[in-house]
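Coordinate analysis (summary)
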Amino acid sequence: SAPFFRFLPDEEATLQWGGSWAATLSAPLVVYLQGDLGAGKTTFTRGLLRGLGYDGAVKSPTYAIVESYPLPAFTLHHFDLYRFTAPEEWDDAGLDDLADGHSICLIEWPQLGEGFAPLPDIDIHLGHTETGRRATLNAHTETGQKSLEAWFK
Ligand code: ADP
Ligand code: MG
C-alpha cells in the first residue's frame, strides 16, 4: 500500500504530530523509528507520550536500551538499539519479554536487532530536509494500515 507523508517544520510540529496519534492508537503495535541521529525519533516518541497523557520526563533510551511507560490502556516500550554490537543482544537483554503482544513497542535503530526484534506493523522514517524533517510512513500489516488510516483521516 502507498506510504503516508508528513512535513515537520520544527520540533514543536513533531511533538504535536506525534501526540495526535494518541487518540486512535491501540495495542499491540510494533513501530520502527528510522532515520539518522538527530532526525527526531525520540522527539516524536516524547510527543506521542505527551498525547497519551504521560507528564514525566521522556529520556532517550540510548544507554538504558529501553524505557517503559505504564499507561492506563497499555504499556509503551521505547527501545533504542543504537549501542547494540550484535543483534543477539535483543535476546541477551531479555527484551523479548517486553514485546509481549499487549504493548506498544517503538524501536529506534531496529536494523541493529534484525532477526531478533519483532517485525514492524509500521515503520516511520524521519529524514532531514533543508527546512525541517520529512516523515515517511509505511504499513507492513493490516493492523498497521488501519492505524495509519485512522491517524491520517
Ligand atoms: P533522534 O532520536 O532521531 O536521534 P532527537 O529527537 O533526539 O533525534 O533529536 C532531534 C533534534 O533535532 C532535537 O535537538 C530537536 O530540537 C531538533 N529538531 C529540529 N527540527 C526538528 C523537527 N522538525 N523535528 C524534530 N526535531 C527537530
Ligand atoms: Mg533517539
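Summarised in this report is the structure supplied together with it. These numbers come from a predicted model, not from an experiment. (Residues numbered from 1 in each chain as written. Chains lettered and ligands numbered in written order. Predicted model: local features only at pLDDT ≥ 70, side-chain atom pairs only at ≥ 80, totals over all residues. Heavy atoms only, no water.)

Observations concerning the pattern of salt bridges
- Scanning the entire structure with this criterion turns up 2 salt bridges.
- Here Lys59 ties to Glu67 by a salt bridge, and the two come within 3.9 Å at their closest N and O atoms.
- Between Glu142 and Lys146 there is a salt bridge, with the nearest N and O atoms lying 3.9 Å from each other. One end of the pair, Glu142, and the other, Lys146, are both in helix 4 (residues 142-152), 4 residues apart, so they sit about a helical turn from each other.
- For Glu142, a relative accessible area of 57% puts it in the exposed group.
- Look at Lys146 and you get exposed, because its relative accessible area is 53%. (Salt bridge = Lys/Arg side-chain N within 4 Å of Asp/Glu carboxyl O. Helix = DSSP H or I, 4+ residues; strand = E, 2+ residues; numbered from the N terminus. Buried < 20%, exposed > 50% of the residue type's maximum accessible area, 1.4 Å probe, protein only.)

Focus on the coordination of the magnesium ion (ligand 2)
- Donor atoms from the polypeptide that bind the magnesium ion (ligand 2) are Thr42 (OG1) and Glu108 (OE), placed at 2.2 to 2.3 Å. Residue Thr42 is found in helix 2 (residues 41-51), and its partner Glu108 is found in strand 5 (residues 104-108); the two are separated by 66 residues along the sequence. Each of the two residues, Thr42 as well as Glu108, counts as buried. (Donors = N, O, S within 2.8 Å, 3.2 Å for Na, K, Ca; no water.)

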